[in-house]
Amino acid sequence: MPPAHVFIGRFVLQVPLSIILVGAGAVVAASFGLIYLLPPRPEKPDGRGAIVPRPGVMALQAIGLVYLVFISAVGIFGRQGSAALNGAVILFWIVTIPVLPLVHCLVGGMYEVASPFALLARLATAGGSARKRPSPHLERLGYWPAVILMFLLIWFELALRVVPNTPAVLGLLAIGYTVFQVAMGARLGEEWFRRGDVFHAITSLASTIAPLTIARDGEGFVRVTAGFRPARFLPGGRGREALITMWLAGVLADGVRVTPIWTFVTTNTQDLATSGALGGTATSGTVYIGSVVLDTAEILFTWAAFGAFFWLFSYLAATLSHRDVRDVASVVSPSLIPIALAYLFAHNLTQLVVLAPIMVTGANASLSQIARQIQANINQVSPPVVFTVQVLAIVLGHVLAVVMAHARLSRLVKDGSLAIRGDLGWLAAMLIYTATSLWILAQPITNQG
């Protein structure tokens with residue numbers, strides 16, 4: 001598979017990258033000032049909303065089932081030999097991974113309603129899974145099942161490259177994941193999916209910034225509510241901060257590997273990767289063990305770095321606002337969600353533009369024809385336009401993050417002056433996140449080697 005940054009050509013920025021970073025930081029900082037100039041908006045609870053007609057609910061569920069069958073069947077029985085020849089691989093890795101969370105920025109809760117795993121669990125238990133009360137085991141587990149599954153998803157894509165490059169493996173994994181999710185949902189009830197289905201967990205995070213949300217009420221009806229609420233409730237639980245930082249790290253991980261820092265690390269450990277220390281040239285199937293070790297280390301290092309950074313600035317904001325660090329971490333962690341979504345869009349933009357059309361146009365094409373189609377798609381893309389759109393997306397995401405952090409901290413810290421201090425502490429993190437995201441994004445474009 002091509003890298004997440006589909007290479008569309010190099011160009012010289014019209015202004016130094018440092019100027020772009022300063023400008024983006026200024027916009028984020030200005031948004032911090034703006035929220036204090038505007039009159040405060042009282043946070044309104046979500047209303048009951050209008051009931052979604054049953055045909056609309058059934059249509060969403062049908063889409064979920066058809067998608068699952070397509071990935072499984074086409075992955076196993078479709079064209080093999082190259083990922084570009086198989087529609088299931090392109091649909092899952094190129095389209096679904098970025099697009100599924102992104103569409104939930106617009107209409108939240110769709111996956112919860114359409115989940116094929118929840119539907120199959122209901123059918124298998126004659127509706128029993130929907131009636132079960134949440135198990136106390138789920139409360140103890142928290143979000144850690146989703147954290148583990150998210151790590152495996154990232155690991156399969158970035159380290160164990162045989163998975164995205166082998167369609168049949170994707171199909172088999174889809175079937176195995178379905179069996180596991182349906183069994184757990186039938187055993188523990190539908191609350192399991194909120195914290196144990198990685199796709200449900202990711203889309204729930206993305207739904208917190210959606211201006212339109214659909215969800216099931218306590219009576220089983222699906223209702224739609226409107227309005228962006230920066231302090232919208234997000235279910236807590238053990239491991240929620242780990243889940244959010246893991247998601248952010250996973251989005252940034254393969255961008256980190258093109259930075260000078262990681263290049264320095266890999267260059268100086270190359271001998272280890274090709275010697276017995278890291279598995280040498282030993283392989284398992286077509287996977288080089290040394291490369292897997294290094295890629296795994298990169299994922300874990302990125303997660304650890306973002307986790308340490310998050311807790312450091314949570315502690316700073318807590319100290320300035322005289323609050324417990326765990327309380328502050330709980331309310332500011334959702335502000336990382338628009339940052340992750342903005343970079344997810346920016347990082348995968350060239351993939352979506354260049355590779356997604358191949359799923360349709362390359363259905364019956366040979367590998368050489370697909371290669372020519374990809375090159376033709378690349379030639380039609382303007383690097384300056386792409387980079388401008390990416391920068392705007394990241395800046396917008398960080399502005400939303402500032403607004404969300406302020407709204408949540410204001411509800412936690414009632415004293416106005418202390419709330420401002422806490423905001424300033426977390427704003428420092430926002431500015432560093434902004435600069436880091438843009439710096440990582442610019443590496444493949446501005447490198448003139």
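The coordinates are above.
Peer 1: Hey, could you go over the packing of aromatic side chains for me, with residue numbers and the actual values?
Peer 2: Where two aromatic rings form a pair, the distance of their centres and the angle of their planes describe that pair. Enumeration according to the criterion identifies nine aromatic pairs in this entry. Their ring planes at 80° and their centres at 5.8 Å tell us that Tyr 177 and Phe 199 sit as a pair that is edge-to-face. Taken together, the residues Tyr 177 in helix H10 (residues 167–188) and Phe 199 in helix H12 (residues 198–206) connect sequence positions 22 residues apart. For Tyr 177, a relative accessible area of 17% translates into the label buried. Relative to Trp 426, the ring of Phe 310 has its centre 5.8 Å away and its plane inclined at 90°; by these criteria the two rings are edge-to-face. Of the two residues, Phe 310 sits in helix H16 (residues 289–321) while Trp 426 sits in helix H22 (residues 416–446), which places them 116 residues apart along the sequence. Overall, the relative accessible area of 1% leaves Trp 426 in the buried class.

Peer 1: Can you break down the nonpolar core residue by residue, with the values?
Peer 2: Within the largest apolar cluster, 115 residues are counted, with the highest numbers of intra-cluster contacts made by Trp 247, Leu 341, Trp 426, Met 430 and Tyr 433. For Tyr 433, the contacting residues outside a window of four places in its chain are Leu 248, Phe 306, Phe 309, Phe 310, Leu 336, Ile 339 and His 398.

Peer 1: Just give me the short version of the side chain of Ser 207, but keep the residues and values in it.
Peer 2: Note that Ser 207 resides in the loop between H12 and strand E3 (212–216). Judged by relative accessible area, which is 10%, Ser 207 ranks as buried. Among the polar contacts listed, one links the side chain of Ser 207 to the backbone nitrogen of Gly 109, at a separation of 3.0 Å. Polar side-chain contacts of Ser 207 include one of 2.6 Å to the backbone oxygen of Thr 203.

Criteria and thresholds
Residues numbered from 1 in each chain as written. Predicted model: local features only at pLDDT ≥ 70, side-chain atom pairs only at ≥ 80, totals over all residues. Heavy atoms only, no water. Phe/Tyr/Trp six-rings, centres within 6.5 Å; stacked < 30°, edge-to-face > 60°. Helix = DSSP H or I, 4+ residues; strand = E, 2+ residues; numbered from the N terminus. Buried < 20%, exposed > 50% of the residue type's maximum accessible area, 1.4 Å probe, protein only. Core = buried A, V, L, I, M, F, W, Y, C linked by side-chain atoms within 4.5 Å. Contact = heavy atoms within 4.5 Å. Polar contact = N/O pair within 3.5 Å; in protein donor to acceptor, adjacent residues only side chain to side chain.

On their own, these measurements won't tell you what the molecule is for.
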